[in-house]
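A closer look at the structure
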Amino acid sequence: MLHLAAYHPQIPQNTGTLLRLSSCLGIKLDLIRPFGFVFDDKRLKRAGMDYIDTANYEIHDSFELFLGKYKSRRIIAMEANEISTVHHKFQYQEDDILIVGSEHDGFMPQDLQCCSDMVKIPMLPKKRSLNMAISAAMVLNQAMSQLNIFPKI
């Protein structure tokens, strides 16, 4: 089953938004410490609303523990660099884990090397970045579209 992961999230509103996304789409969310906030932060709760209670999520105390749990899975990093594949041209698999980096620092270089592949969202020149939660939703949408795994309505 496709997963979404957040690597060292720093902004509680973004994490709340990812929890809400997870709940609404039926996708597991893996949250990897350290966080830049206390998990019961009111801003996280405001963004996640009552969806947090129905989200399928797991908190991992480190990237190493996260990797140990999912060592047989492809981990696809969302990383805007020159060697990343454009997200809509990448071939996703049903057991991929899509991981978004920290809002402030992205990924540690040694942790990024542990990822199977990297994807990026094409943007206009001279634009630095998109919001982490928006980026995660865009790439997740592309993967779910390719795999035809949206919830049945």
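These numbers were taken from a predicted model, which means no experiment stands behind them. (Residues numbered from 1 in each chain as written. Predicted model: local features only at pLDDT ≥ 70, side-chain atom pairs only at ≥ 80, totals over all residues. Heavy atoms only, no water.)

**Concerning the overall build of the protein chain**
Counting its secondary structure elements, the protein chain contains 5 helices and 7 strands. Along the chain direction, N to C, the helices and strands of the protein chain fall in the order β-α-β-α-β-α-β-β-β-α-β-α. A globule of 153 residues ought to have a C-alpha radius of gyration of about 15 Å, and the protein chain, at 14 Å, matches this closely. Once the C-alpha set of the protein chain is aligned to its principal axes, its extents read approximately 40 × 35 × 35 Å. Here the protein chain holds 153 residues, and the buried ones make up 47% of them. For the protein chain, the accessible surface area stands at approximately 8400 Å², while carbon and sulfur atoms represent 52% of it. In the protein chain, which carries 17 positive and 17 negative side-chain charges, the distance between the mean positions of the two groups comes to 6 Å. (Helix = DSSP H or I, 4+ residues; strand = E, 2+ residues; numbered from the N terminus. Rg over C-alpha atoms; globule rule 2.2 N^0.38 Å. Buried < 20%, exposed > 50% of the residue type's maximum accessible area, 1.4 Å probe, protein only. Areas by Shrake-Rupley, 256 points an atom, 1.4 Å probe, with all protein chains shown as cover. Lys, Arg positive; Asp, Glu negative; His and termini not counted. Charge placed at Lys NZ, Arg CZ, Asp CG, Glu CD.)

**Observations regarding the nonpolar core**
Counting 30 residues, the largest nonpolar core has Leu4, Leu18, Met78, Tyr92, Leu98 and Leu140 as its most contacted members. Elements represented by at least two residues in this core include exactly β1 (3–7), α1 (12–25), β2 (28–32), β4 (75–78), β6 (97–100) and α5 (132–147). Broken down by element, this core gets its largest block of residues, 8 residues, from α5. Excluding residues within four positions of it along the chain, Leu18 makes contact with Leu4, Ala6, Leu29, Val100, Met132, Ala133 and Ala136. Counting 15 residues, the second-largest nonpolar core is a separate cluster that includes Tyr7, Ile75, Leu112 and Cys115. (Core = buried A, V, L, I, M, F, W, Y, C linked by side-chain atoms within 4.5 Å. Contact = heavy atoms within 4.5 Å.)

**Observations regarding a nonpolar patch on the surface**
Nonpolar side chains collect at one region of the surface, where Met123, Leu130, Ile134 and Met138 lie side by side and expose about 310 Å² of accessible area between them. Within the secondary structure, Ile134 is located in helix α5. Taking relative accessible area as the criterion, Ile134 reaches 47% and is therefore assigned partly exposed. (Patch = residues over 30% accessible without salt bridge, like charges linked within 9 Å, V, L, I, M, F, W, Y side chains within 5 Å. Salt bridge = Lys/Arg side-chain N within 4 Å of Asp/Glu carboxyl O.)

**What to know about the environment of Asp61**
With respect to the helices and strands, the residue Asp61 is situated in the loop between β3 (57–60) and α3 (63–69). For the pair Asp61 and Ile32, spaced 29 residues apart in sequence, the C-alpha separation works out to 6.2 Å. A distance of 2.8 Å separates the side chain of Asp61 from the side chain of Arg33, its partner in a polar contact. (Polar contact = N/O pair within 3.5 Å; in protein donor to acceptor, adjacent residues only side chain to side chain.)

**Some points on the sheet that holds β4**
Across the sheet, 7 strands lie side by side as β3-β2-β1-β6-β4-β7-β5; this open sheet has parallel pairing. Single-partner strands in this sheet number two, and they are β3 and β5 (85–86). Contacts between α1 and the sheet are confined to β1, β2, β3 and β6, with β2 contributing the most and set at about 155° to the helix. Docked against the sheet, α5 engages β1, β4, β6 and β7 (117–120), running at close to 160° with respect to β6. (Pairing = 2+ DSSP bridges. Axes fitted to C-alpha atoms, helices over the stretch in contact; angles between N-to-C directions.)

**Some words on unusual backbone geometry**
Note the cis peptide between Arg33 and Pro34, where omega equals 5°. If you trace the backbone, Pro34 turns up in the loop between β2 and α2 (42–48). The residue His8 is not glycine, and still its phi comes out positive at about 50°. Relative to the helices and strands, His8 is located in the loop between β1 and α1. Look at Lys126: it is not a glycine, yet its phi comes out positive at around 70°. Position of Lys126 among the secondary structure elements: in the loop between β7 and α5.

Taken by themselves, the reported measurements are silent on function.
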